[in-house]
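# Chain and residue survey
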Amino acid sequence: MSNQTEKKRETLASSLGFLLVSAGCAVGLGNVWRFPYIVGRNGGALFVLLYIVFLLVFGLPMMTVEFAVGRAAQRSLATAYPLLTPRPGIYRAIAPLQVAGNWLLMMFYTTVAGWMLAYPVAILSGWFDFAQPEAFFGQFLASPSAQLFWMGVVCLVGFGVCALGLEKGVESVTKKMMAALFLILVGLGIYVCFLPGAGAGVAYYLKPSLAVLQERSIFKVVLDALGQSFFTLSLGIGSMAIFGSYTSRRWTLGGESAKIIGIDTLVALLSGLIIFPACFAFGTKPDAGPSLIFITLPKVFAQMGKVGPWIGAIFFIFLGLAALTTVITVFENIVAMTMERRQCTRHRAIRRNAPLLFLLSVPCALGFGVLSFIKPLGEGSGILDLEDFLVSNLALPLGSLAILIFCVSRRYWGWTNFLKEANAGNGLKLPEGMRWYMAYLLPAVMLFVFAASLLDKFGWLDPLLAWGRKLLGA
């Protein structure tokens with residue numbers, strides 16, 4: 001690439017911008033509709049403790065390696081590998097697959113994000129029916145026009161922000177969104193925790209309990225904590241590497257990764273302090289996924305009286321902010337990859353990508369209505385489930401493993417080069433002695449979690465565990 005093009009490369013304006021933009025990418029809807037449920041299912045604070053330990057032991061080094069590749073190459077994953085080693089080998093084929101992971105993620109995430117934008121409008125306009133949230137949600141999903149419209153709004157907002165530029169668009173807007181997100185989280189958390197009966201929800205959520213081990217094996221609890229610690233940070237498809245390429249060497253990447261993980265975990269914990277106290281205050285059992293957000297919680301809001309619709313609208317605005325920060329940051333990665341590979345301007349990259357991404361998102365948007373007959377993973381599944389499976393169970397874990405091997409293997413970039421880049425600047429530094437851990441133990445744990453999650457996804461894990469216990473005479 002020419003020196004002239006090199007000088008034009010954009011950078012983030014501040015370290016705070018880097019932290020909040022990266023955290024905005026990591027903070028997603030899974031923090032709201034999966035994390036609180038999985039905490040309650042696995043013994044409350046017992047799970048939280050395990051989760052935090054695993055985040056530090058596994059998530060922290062994994063985020064650091066992805067940032068290091070981006071910052072060292074000053075490129076996205078689409079073009080970074082050949083710049084860091086003269087023998088990229090198989091990574092020439094891996095890079096396009098990681099690029100594809102961003103597209104797959106957005107092909108269903110734009111639809112789900114559209115739901116979050118639609119609900120505040122529906123609630124405040126009187127369109128939403130609190131008496132029958134299940135029927136409303138079903139009708140909303142089955143409406144092709146509604147699904148395509150709100151998915152299109154998400155694409156328009158996401159690419160619109162990217163069109164403003166890295167600093168004035170992505171960084172500035174994401175910082176404001178994250179600030180608003182935290183204000184809403186804290187405000188709703190304070191309100192909900194003072195509702196009569198909310199204390200039981202707080203206790204259920206955060207009080208340590210070993211009673212869960214009578215119903216769930218310690219193996220399943222540990223596996224859930226391991227899986228959540230790996231999958232919550234959106235690593236493996238370059239969404240973090242691109243922001244590593246935009247930041248300076250003032251601070252070490254281990255220290256910055258720890259701060260981002262802290263923000264991501266705080267959002268997840270605060271979300272639970274809204275959901276569980278609210279559900280317990282009104283005698284509703286919390287569940288997970290879309291049913292929690294679009295059916296269970298609206299029933300809770302309906303019982304809050306006149307303030308209920310306002311609380312519901314504010315809660316969905318929070319969800320919309322969480323979804324849009326992820327959309328904007330992943331869109332930025334897609335745009336940056338195109339700019340690098342096609343040697344084109346930002347606006348031209350957006351003109352290339354925006355129509356195509358909208359078209360590729362159409363199957364998921366219509367997957368609950370006219371395309372609901374497509375059941376790729378069996379009865380009860382849809383197009384969204386397939387795309388989510390490809391990203392969450394394949395692209396993220398395998399992509400993360402590929403980046404890790406690239407950083408620790410002498411055949412590629414190598415440990416010495418990685419450690420020098422990761423420890424450049426002030427802050428937390430990774431010790432030289434971590435090489436054995438990151439080269440051998442961490443990949444083994446990642447493969448274990450990958451295999452176990454696949455077995456669990458298809459219902460094979462429990463029979464396998466039962467067979468193991470029988471074999472051991474337990």
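Residues numbered from 1 in each chain as written. Predicted model: local features only at pLDDT ≥ 70, side-chain atom pairs only at ≥ 80, totals over all residues. Heavy atoms only, no water.

As a further point, take the side chain of T338. Relative to the elements of secondary structure, T338 occurs in helix α16 (residues 308-342). The class for T338 is buried, based on a relative accessible area of 12%. (Helix = DSSP H or I, 4+ residues; strand = E, 2+ residues; numbered from the N terminus. Buried < 20%, exposed > 50% of the residue type's maximum accessible area, 1.4 Å probe, protein only.)

Bringing the packing of helix α11 (residues 198-206) against helix α14 (residues 253-281) into the picture now. Here α11 crosses α14 at 135 degrees, and the two axes come no closer than 7 Å. Judged by the angle between their axes, α11 and α14 are oblique. Both α11 and α14 take part in a crossing whose hand is right-handed. Residue-level contacts link A198, A200, G201, V202, Y204, Y205 and L206 of α11 to A268, L269, G272, L273, F276, P277, F280 and A281 of α14. A class-by-class count of the residues in the contact of α11 with α14 yields 13 nonpolar, two polar and no charged. (Axes fitted to C-alpha atoms, helices over the stretch in contact; angles between N-to-C directions. Parallel < 35°, antiparallel > 145°, perpendicular 65-115°, else oblique. Left-handed = near helix turned anticlockwise from the far one by under 90°. Contact = heavy atoms within 4.5 Å. Nonpolar A, V, L, I, M, F, W, Y, C, P; charged D, E, K, R; others polar.)

A separate point is a nonpolar patch on the surface. Together, L49, I52, V53, L56 and V57 line one region of the surface with nonpolar side chains, adding up to about 400 Å² of accessible area. Position of V53 among the secondary structure elements: in helix α5 (residues 45-73). (Patch = residues over 30% accessible without salt bridge, like charges linked within 9 Å, V, L, I, M, F, W, Y side chains within 5 Å. Areas by Shrake-Rupley, 256 points an atom, 1.4 Å probe, with all protein chains shown as cover. Salt bridge = Lys/Arg side-chain N within 4 Å of Asp/Glu carboxyl O.)

To locate leftover empty space, one rolls a probe as large as a water molecule over the atoms. Across all of its chains, the model carries two cavities of 30 Å³ or more by this definition. Considering only enclosed or pocket space, the largest cavity measures out at about 130 Å³ in volume. In terms of lining, the largest cavity is formed by 15 residues, of which the most central are F230, F231, P397, S400 and M446. Listed by contribution, the elements that provide at least two residues to the lining of the largest cavity are α5, α12 (218-231), α18 (383-408) and α20 (435-457). (1 Å grid on protein atoms, 1.4 Å probe; cavity = no way out; pocket = protein on both sides within 12 Å on 5 of 7 lines; lining within 4 Å. Points joined across faces, edges and corners; volume = space filled by probe spheres on them.)

To continue, consider the environment of R341. When you line up the elements, R341 lands in helix α16. What makes R341 partly exposed here is its relative accessible area of 48%. Once the C-alpha coordinates of R341 and L266 are considered, the two residues, 75 residues apart in sequence, prove to be 36 Å apart.

Here we take up the confidence of the model for the protein. Considering every residue of the protein, the mean pLDDT works out to 90; 97% of them sit at 70 or more. A low-confidence stretch, residues 1-7 (pLDDT under 50), is modelled with five contacts involving residues beyond four sequence positions or located in other chains. (pLDDT = per-residue confidence, 0-100.)

The subject of this paragraph is the packing of aromatic side chains. Under the counting rule described, the total for this entry stands at 41 aromatic pairs. The interplanar angle of 10 degrees and the centroid separation of 6.2 Å between the aromatic rings of F47 and Y51 together place this pair among those described as stacked. Highlighted residues: F47 and Y51, both in helix α5, separated by four residues, approximately one helical turn. Using a relative accessible area of 0% as the deciding quantity, one classes F47 as buried. The class for Y51 is buried, based on a relative accessible area of 0%. (Phe/Tyr/Trp six-rings, centres within 6.5 Å; stacked < 30°, edge-to-face > 60°.)

The next thing to look at is the state of the cysteines. Throughout the structure, instances matching the rule amount to zero disulfides. Lacking any disulfide linkage, C279 is separated from the closest cysteine sulfur, that of C193, by 12 Å. Assessed through its relative accessible area of 0%, C279 is described here as buried. (Disulfide = S-S within 2.5 Å.)

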